[in-house]
Amino acid sequence: MDWQMQAIRGATTVAENTVAAITEAVTELIDELEQRNQLPTERMISVTFSVTRDLDAIFPAAIARSRPGWDNVAMLDVQQMYVEGSLQRCVRFLIHAYLPASTPINHIYLRQAAKLRPDWSLSQPLQPSQHIAKSKV
């Protein structure tokens, strides 16, 4: 079996800049990532979370580290570059993982973040308000 480093992208939006709202959104994003990609944490090399400048109540990596296995993954939080008119209250991730080369990758875009990559977006029947992007890398 051939293995290769692959990248998985994802994003979501947050209702408000509170610990509770950010925790809910990041947890939902990671839950979808794990469910749709069957991604064991021991295959992850690193995760970079970025947040828009209007989110500063908690670090997304702190939320992720509380999950089983995630405390051993190298993580970094950064602020997303501000561009006037861009999506507000947005959390993004970029994950690098070693996976079998034939593994399909499902990029996860939830809530208003589905607008970021409409080329990857597919409506899903899981929750009416949710859009999840799916693509092979």
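What counts and what doesn't
- Residues numbered from 1 in each chain as written.
- Predicted model: local features only at pLDDT ≥ 70, side-chain atom pairs only at ≥ 80, totals over all residues.
- Heavy atoms only, no water.
- Salt bridge = Lys/Arg side-chain N within 4 Å of Asp/Glu carboxyl O.
- Helix = DSSP H or I, 4+ residues; strand = E, 2+ residues; numbered from the N terminus.
- Contact = heavy atoms within 4.5 Å.
- Polar contact = N/O pair within 3.5 Å; in protein donor to acceptor, adjacent residues only side chain to side chain.
- Buried < 20%, exposed > 50% of the residue type's maximum accessible area, 1.4 Å probe, protein only.
- 1 Å grid on protein atoms, 1.4 Å probe; cavity = no way out; pocket = protein on both sides within 12 Å on 5 of 7 lines; lining within 4 Å.
- Points joined across faces, edges and corners; volume = space filled by probe spheres on them.
- Nonpolar A, V, L, I, M, F, W, Y, C, P; charged D, E, K, R; others polar.
- Pairing = 2+ DSSP bridges.
- Axes fitted to C-alpha atoms, helices over the stretch in contact; angles between N-to-C directions.

## Observations concerning the pattern of salt bridges
- Tallied over the entire structure, the rule returns 5 salt bridges.
- The closest approach of N and O atoms between E24 and R111, which form a salt bridge, is 3.5 Å. Residue E24 is located in helix α1 (residues 19–37), and its partner R111 is located in the loop between β5 (108–109) and β6 (121–123); the two are separated by 87 residues in the primary sequence.
- The network of salt bridges with common partners includes E24, E28 and R111.

## Describing the environment of T27
- Tracing the backbone through its elements, the reader meets T27 in helix α1.
- Sequence spacing of T27 and R67 is 40 residues, and the spatial spacing of their C-alpha atoms is 9.1 Å.
- T27 has contacts with I63 and R67, leaving out every residue within four places of it along the chain.
- One polar contact links the side chain of T27 to the main-chain carbonyl oxygen of T23, over a distance of 2.7 Å.

## Looking at unusual backbone geometry
- Phi is positive for R89, which is not a glycine, with a value near 45°.
- Looking at where R89 falls in the secondary structure, it is placed in the loop between β3 (74–79) and β4 (90–100).
- Backbone geometry places R111, a non-glycine residue, at a positive phi of 55°.

## Remarks on the environment of G10
- Take G10: it is sitting in strand β1 (residues 3–13).
- In this structure G10 comes out as buried when scored by relative accessible area, which is 0%.
- G10 sits 84 residues away from L94 along the chain, and the two C-alpha atoms are 6.8 Å apart.
- Filtering out sequence-adjacent residues up to four positions away, G10 remains in contact with L29, V91, R92, F93, I108 and Y109.

## Re the layout of surface pockets
- In this model, the largest pocket occupies a volume close to 220 Å³.
- Lining the largest pocket we find T52, R53, D54, Q80, M81, Y82, V83, G85, S86, L87, Q88 and R92.
- A per-class count over the lining of the largest pocket returns 4 nonpolar, 5 polar and 3 charged.

## Thoughts on the side chain of T13
- Relative to the helices and strands, T13 resides in strand β1.
- Classification of T13 by relative accessible area gives buried; the value is 8%.
- For T13, the contacting residues outside a window of four places in its chain are A25, L87, Q88, R89, C90, L110, R111, Q112 and A113.

## Let's talk about the sheet that holds β5
- Read from one edge of the open sheet, 5 strands run β3-β2-β4-β1-β5, paired in mixed fashion. Among the strands making up the open sheet, the edge pair consists of β3 and β5.
- Relative to β5, β1 runs parallel, the two being bridged by 2 bridges. Within β5, the position partnered with G10 by the bridge is I108.
- This element, α1, spans β1, β2 (44–51), β4 and β5 of the sheet and lies at about 145° to β1.

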